[in-house]
Amino acid sequence: MDKGIQTTKKAIIWLCLAHLFADVYSGFLNPIMPFIASKLGFSMAVATVIISISHICSSMLQPIFGFFADNMLKRFFIFWGLILISLFIPLAPLAPNVPLLLVCMILGSLGGSFFHPQSLGFVNYFSKENCSSNMGIFISMGSLGFAFGPLLAALITQMHGLDLISYTSLFGLVLAGLMFVCVPKLSTTQPKPEHKDFVRSFKEILSNRQMNYLMLISMMKSLITNSSCILLPFLWKSMDYSPLYIGFALFLFVFAGAIGSFLSPKAERRYGSKAVVYFSMWATFPMMILFGLIYKSYPALSLAVFFIIGFTTMLAQPVTMVWAQRTLPEYKSIVAGFINGFCWGVVALCMSMLGAVAEKFGIMHVLIVLSILPVFASYFVRYLEVKNN
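One structure accompanies this document, and this report is about it.

What counts, and where the lines are drawn
- Residues numbered from 1 in each chain as written.
- Predicted model: local features only at pLDDT ≥ 70, side-chain atom pairs only at ≥ 80, totals over all residues.
- Heavy atoms only, no water.
- Helix = DSSP H or I, 4+ residues; strand = E, 2+ residues; numbered from the N terminus.
- Buried < 20%, exposed > 50% of the residue type's maximum accessible area, 1.4 Å probe, protein only.
- Contact = heavy atoms within 4.5 Å.
- Areas by Shrake-Rupley, 256 points an atom, 1.4 Å probe, with all protein chains shown as cover.
- Lys, Arg positive; Asp, Glu negative; His and termini not counted.
- Charge placed at Lys NZ, Arg CZ, Asp CG, Glu CD.
- Core = buried A, V, L, I, M, F, W, Y, C linked by side-chain atoms within 4.5 Å.
- Salt bridge = Lys/Arg side-chain N within 4 Å of Asp/Glu carboxyl O.
- Polar contact = N/O pair within 3.5 Å; in protein donor to acceptor, adjacent residues only side chain to side chain.

1. Some words on the overall build of the protein
In terms of helices and strands, the protein carries 16 helices and zero strands. Its C-alpha atoms give the protein principal-axis dimensions of roughly 55 × 45 × 40 Å. Evaluated residue by residue, the protein yields a buried proportion of 59% over its 389 residues. Expressed as a percentage of contacts within the protein between residues at least 6 apart in sequence, the contacts between residues at least 24 apart total 87%. Surface summary for the protein: the accessible area is close to 15,800 Å², and the carbon and sulfur share equals 69%. Computing the positive centroid from 25 side-chain charges and the negative centroid from 13, the protein places the two 3 Å apart.

2. Here we look at unusual backbone geometry
Glycine aside, residues mostly have negative phi angles, and peptide bonds mostly take the trans form. Of note in the backbone geometry, Asp240 takes a positive phi value of approximately 65° without being a glycine. Inspection of the secondary structure assignment puts Asp240 in the loop between α10 (209-238) and α11 (243-271). Asp240 sits in the exposed class, given a relative accessible area of 71%.

3. Some points on the nonpolar core
Grouped together as the largest cluster of nonpolar side chains are 116 residues, with contacts concentrated most on Leu29, Met33, Met211, Leu232, Trp236, Phe291 and Ile363. It is α10 that contributes the most residues to this core, 16 residues altogether.

4. Concerning the pattern of salt bridges
Counted by the stated rule, this structure contains one salt bridge. A salt bridge links Arg200 to Glu204, with the shortest nitrogen-to-oxygen separation between them at 4.0 Å. With a gap of four residues between them, Arg200 and Glu204 both fall in helix α9 (residues 198-206), about one helical turn apart. On the basis of relative accessible area, Glu204 is assigned to the partly exposed category, the value being 27%.

5. Focus on the side chain of Asn208
With respect to the secondary-structure elements, Asn208 resides in the loop between α9 and α10. At 3.1 Å, the side chain of Asn208 forms a polar contact with the backbone nitrogen of Gln210. With near-sequence residues (within four places) excluded, Asn208 lies in contact with Thr327 and Leu328.

Any functional reading would require information that these geometric values do not contain.
Here it is in structure tokens:
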């Protein structure tokens, strides 16, 4: 086998494994946040603000870290991102008060903000002609980790209590060390990148109409994912469901998203990019209405519907990411930071107020209203240009 192909496969495998572990930790706190809130004595509205601050730190800064990643050949952000997220997120449930809880969540979230733009850029660099397929695998591995995170955290909490979660840090720290040894240096396979001007880079990205449409699509996906994962655990806890049930429900949701991400490149090749995005944005609304009608009377069936919502929501994610990177190929990591991070951070700002709104008007009512917004936003898909470079 050609040495270059071996290097590419090795890089993709280790990046996918790191994404799996990083997003396992990212998924830890959603299912157990109602129990942390109960332990420390704060409301759903406060919990939503705390989670939103965490999401902002893990998201809004990604384009900036992506800029530095595009201007360097070192793997700095991948390793330190994995170290921060695997160390501080598992420590959060040990926090004796809200300020320390917030510090742990912010530091852990910054790890995610470090890791994602550079790793997404590396996948694109190493993939060459197989970018869509490799990006689908990479994103699906992250979704798979984000799916197992809630289940693992809920299982540990129910069987051993919140404190034992901190011991899981060891796995991520060991993997970070292995990544340092096993991930090929970009300098061995790529020429030195041309230095990019910060202001010019961001101006060019934000003034690109196609990028703005793609960011809007990413925001709509994030809106459904975040609102479901943050608000529904409080709904289920109010119905006296156990941490394990809540963790399993979120596992189903994000695991379905992992399947959607994995199948996304195949669906794109068969039906086209626009058809995949249209379906992803339209299908969520009727499914959310159905979920709201049956979650009390038919809880098992409602979980099946929740599974489908996860699948349809995440189906367009790899398509959107590759589409954006093809739109501005000279800014791979920065573009990844906008699509995977900044868009989520904008939604997180809105989510900071959502807990109080949901307390007043009801969680299900809020989720149904939110799920119709992607339908309206899908109007702009018609203006997207398909780029195959």
